[in-house]
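Topology and contacts: notes
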Amino acid sequence: MAMARRSGSHLLSSFRPFSLLLQPPLADAPSPAASAAVASARRALSSASALRARDEKDAARWRESMDRMRNIGISAHIDSGKTTLTERVLYYTGRIHEIHEVRGRDGVGAKMDSMDLEREKGITIQSAATYCTWKGYQVNIIDTPGHVDFTIEVERALRVLDGAILVLCSVGGVQSQSITVDRQMRRYEIPRVAFINKLDRMGADPWKVLNQARSKLRHHNAAVQVPIGLEEEFEGLVDLVEMKAYKFEGSSGQNVTAYDVPSNMADLVNEKRRELIEVVSEVDDQLAEAFLNDEPITANQLKAAIRRATVARKFIPVYMGSAFKNKGVQPLLDGVLDYLPCPLEVDNYALDQNNSEEKVLLAGTPAEPLVALAFKLEEGRFGQLTYLRIYDGVIRKGDFIYNVNTGKKIKVPRLVRMHSNEMEDIQEAHAGQIVAVFGVDCASGDTFTDGTVKYTMTSMNVPEPVMSLAVSPISKDSGGQFSKALNRFQKEDPTFRVGLDPESGQTIISGMGELHLDIYVERIKREYKVDAKVGKPRVNFRETITQRAEFDYLHKKQSGGQGQYGRVCGYVEPLPSGSGGKFEFDNMIIGQAIPSNFIPAIEKGFREACNSGSLIGHPVENIRIVLTDGASHQVDSSELAFKLAAIYAFRQCYTAAKPVILEPVMKVELKFPTEFQGTVTGDMNK
């Protein structure tokens, strides 16, 4: 009995909670088994706390890494200075060691314009990704094209970014593509800072541009800097937050010198600072309280308020400078760190495919299961290069990942970070980063996970093509390379479409404009060594008849053996307007002048004849054919004889029916700013 009681108490002690196990014994000295249980419990507790501490340490490390990361895009109207600005950013952050111009006379060209065509034409065609480090922060940058023809490049870059710099020209101001780019930024709810560039140019007026942004783009904005001089006398900038003046010295403006605000500018600077505080106070309650109580507002208070308002997309800070003259780029970089959000401050949603596409808010941390979006494809030297934005989790070289859209399991053979057209191999990347993988077969817009979740990211907006060209290879032997090029470009660029016109047999390429299609034809020539012939697509006209005409045709042929005999009588007439049909055939024969089994052959003959009118050889529409009489032969009549009789009968009466050519009806949609409404309407009426 004692043994039973003792063993029972031992069982009880082994199931006691940790807190009881660690208490000192009340009476008797513990048995060796009890001591071992206490020791193992202590070990378990210490290892659990060590694990928790390590997890917390890892989480803190991840959080700090995410806080010190910015994903930004640089977008603007054509020739506003995006690529020039990116070149300066890379130089000041130490990523490149000398500055080259966009149309470089030294034959090098800007780093982000890596294609030969880009360097020759002095324009950006493909968005290029890079990364740099500034004051301990990692900044991923995507430089985007300005031409509306390459608008998909801007669209897919903004889809995956957390913040953006909208570059405006101080002379051109807010232009047509500035409005388009701003609309795209609103669509993807991207916080942004504005940069008024080219203050060194003749006619530069940053205050005019700032007011244009307010009226045309409906920006709630204010300047955070005031320029010292303009045009040829542009020397530096006054920071309205810190109340310091900056000059940019050295051969490439790399030395930033801070000094006191010039006395002759004190009134203007104070007025603009007050305006900045007022505008931010309208959208930030904390600053409004201090402003209304007439408390002195410190630089830190103002900076924190601007950051809150910018991240909430209620305010846009406006920076100034001249990228070409190396002035104002470093303060802009500081502004990116100070005011644009880190990946944790942006809400990203996925659609749960296991739960009828319910929206799921992604945590944006490396601790979650992997969720990454393939937003851009490129044909590289080593196969398909897929750009990924990682929203959750970690991706490692050699990992297996799942393509949610196709259900395929894929191994990651190579993971790289892009620096324009150069790449740097990495072993792993975590949430918030933009990387590229090789050898992964997928389409633009596919979502990848680690297999534990079935999430898809919402796709990007793809505009419809607006222009088409007919292309064909000059040499018959190069057809394989030609179709390979078209397939590749179609896969890379969702706005580039390829189709075959069934009527004319022409290969039709469609895109966003003349420049867009010209670039692709040039790329076929350079990258695939195929000369292509380009022309306008053949217009598919239609023909129709305008009056009734009779037909009576006898098809009779004797050639030894069974002959051919068929006679058809009747009339053709135009269909009444609004009937909806394009071809009608009525059999109104009374009796058995033509056996009923030949009627389908006669209809088939008329349909075939209508495929090619005798005016210009295009299909005939809006026609009604009525068969009223005919004749057949017991031996020589056949389906072929009646089909041929119908074809020749149609050709016989077609001219008498007064045929006309129908022109295609095009639907035209115009979009333009309201201030040009009168001018555009006048031109259209002309």
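Here's a quick rundown of the structure. Computed from a predicted model, the values in this text were never measured in an experiment.

Quick notes on the rules
- Residues numbered from 1 in each chain as written.
- Predicted model: local features only at pLDDT ≥ 70, side-chain atom pairs only at ≥ 80, totals over all residues.
- Heavy atoms only, no water.
- Helix = DSSP H or I, 4+ residues; strand = E, 2+ residues; numbered from the N terminus.
- Rg over C-alpha atoms; globule rule 2.2 N^0.38 Å.
- Buried < 20%, exposed > 50% of the residue type's maximum accessible area, 1.4 Å probe, protein only.
- Contact = heavy atoms within 4.5 Å.
- Areas by Shrake-Rupley, 256 points an atom, 1.4 Å probe, with all protein chains shown as cover.
- Axes fitted to C-alpha atoms, helices over the stretch in contact; angles between N-to-C directions.
- Parallel < 35°, antiparallel > 145°, perpendicular 65-115°, else oblique.
- Left-handed = near helix turned anticlockwise from the far one by under 90°.
- Nonpolar A, V, L, I, M, F, W, Y, C, P; charged D, E, K, R; others polar.
- Pairing = 2+ DSSP bridges.
- Lys, Arg positive; Asp, Glu negative; His and termini not counted.
- Salt bridge = Lys/Arg side-chain N within 4 Å of Asp/Glu carboxyl O.
- Polar contact = N/O pair within 3.5 Å; in protein donor to acceptor, adjacent residues only side chain to side chain.
- Core = buried A, V, L, I, M, F, W, Y, C linked by side-chain atoms within 4.5 Å.

**Details of the overall build of the protein**
Of the regular secondary structure elements, the protein holds 17 helices and 34 strands. Relative to the compact-globule value of 26 Å for 686 residues, the protein shows a C-alpha radius of gyration of 37 Å, a clear excess of over 25%. Based on the C-alpha atoms only, the size of the protein along its principal axes is roughly 125 × 100 × 55 Å. Looking at the protein residue by residue over its 686 residues, the buried ones come to 48%. Long-range contacts, defined here as pairs at least 24 residues apart, represent 70% of the contacts in the protein between residues at least 6 apart. Counting every atom, the protein has about 34,200 Å² of accessible surface; 50% of that belongs to carbon and sulfur.

**Here we look at the packing of helix 13 (residues 479-492) against helix 14 (residues 514-528)**
Contact geometry of helix 13 with helix 14 gives a least axis separation of 10 Å together with a crossing angle of 125°. Here helix 14 runs oblique to helix 13, going by the angle between their axes. Between helix 13 and helix 14 lies a crossing whose hand is right-handed. Two secondary-structure elements touch here, helix 13 through Gln481, Phe482, Lys484, Ala485, Leu486, Arg488, Phe489 and Glu492 and helix 14 through Tyr520, Arg523, Ile524, Glu527 and Tyr528. Across the contact of helix 13 with helix 14, the residue classes break down as 7 nonpolar, 1 polar and 5 charged.

**Re the sheet that holds strand 26 (residues 497-500)**
Read across the open sheet, the 4 strands follow the order 26-27-25-28; overall the sheet is antiparallel. In the strand order of this sheet, the two ends are held by strand 26 and strand 28 (532-535), each with one partner. Direction aside, neighbouring strands of the sheet carry axes that sit 35° apart on average. Relative to the sheet, helix 13 contacts strand 25 (467-473), strand 26, strand 27 (507-511) and strand 28, its axis offset from that of strand 25 by approximately 150°.

**What about the environment of Ser638?**
Mapping Ser638 onto the fold places it in the loop between strand 33 (623-631) and helix 16 (639-654). C-alpha separation for the pair Ser638 and Met115, spaced 523 residues apart in sequence, amounts to 66 Å. Among all residues touching Ser638, those that are not within four sequence positions of it are Tyr565 and Phe598.

**So, the side chain of Glu87**
With respect to the helices and strands, the residue Glu87 is situated in helix 4 (residues 82-92). Here Glu87 occupies a buried position and makes no salt bridge, while the nearest side chain of opposite charge, Arg88, is found at 5.9 Å. A polar side-chain atom of Glu87 sits 3.1 Å from the main-chain amide nitrogen of His100. The residues contacting Glu87, other than those within four sequence positions of it, are Ile96, Glu98, Ile99, His100, Ala110, Lys111 and Met112.

**What about unusual backbone geometry?**
We note that Glu231 has phi near 55°; this positive angle belongs to a residue other than glycine. Note on placement: Glu231 falls in the loop between strand 7 (225-228) and strand 8 (236-239). Here Lys529, not a glycine, exhibits a phi torsion of approximately 55°, which is positive. Looking at the secondary structure, you find Lys529 in the loop between helix 14 and strand 28.

**Here we look at the sheet that holds strand 9 (residues 244-249)**
With respect to topology, 4 strands assemble into an open sheet ordered 7-8-9-10, the strand pairing being antiparallel. Because the sheet does not close on itself, it has two edges, and the strands there are strand 7 and strand 10 (255-259). Pairwise comparison of adjacent strand axes, ignoring direction, gives a mean angle of 30° for this sheet. Relative to strand 10, strand 9 runs antiparallel, the two being bridged by 5 bridges. Bridge pairing links Tyr246 to Ala258 in strand 10.

**Some details on the nonpolar core**
Core analysis: the largest hydrophobic core is formed by 51 residues, its most contacted members being Leu85, Ile165, Leu276, Leu302, Ile306 and Phe315. Looking at which element gives the most residues to this core, the answer is helix 12 (residues 329-339), with 6 residues. If near-sequence neighbours (up to four positions away) are discounted, Phe315 is found in contact with Arg192, His220, Asn221, Ala222, Leu276, Val279, Val280, Val283, Ile306, Ala309 and Thr310. In terms of nonpolar packing, the next biggest core, distinct from the first, is built from 48 residues, Val174, Val209, Leu373 and Phe438 among them.

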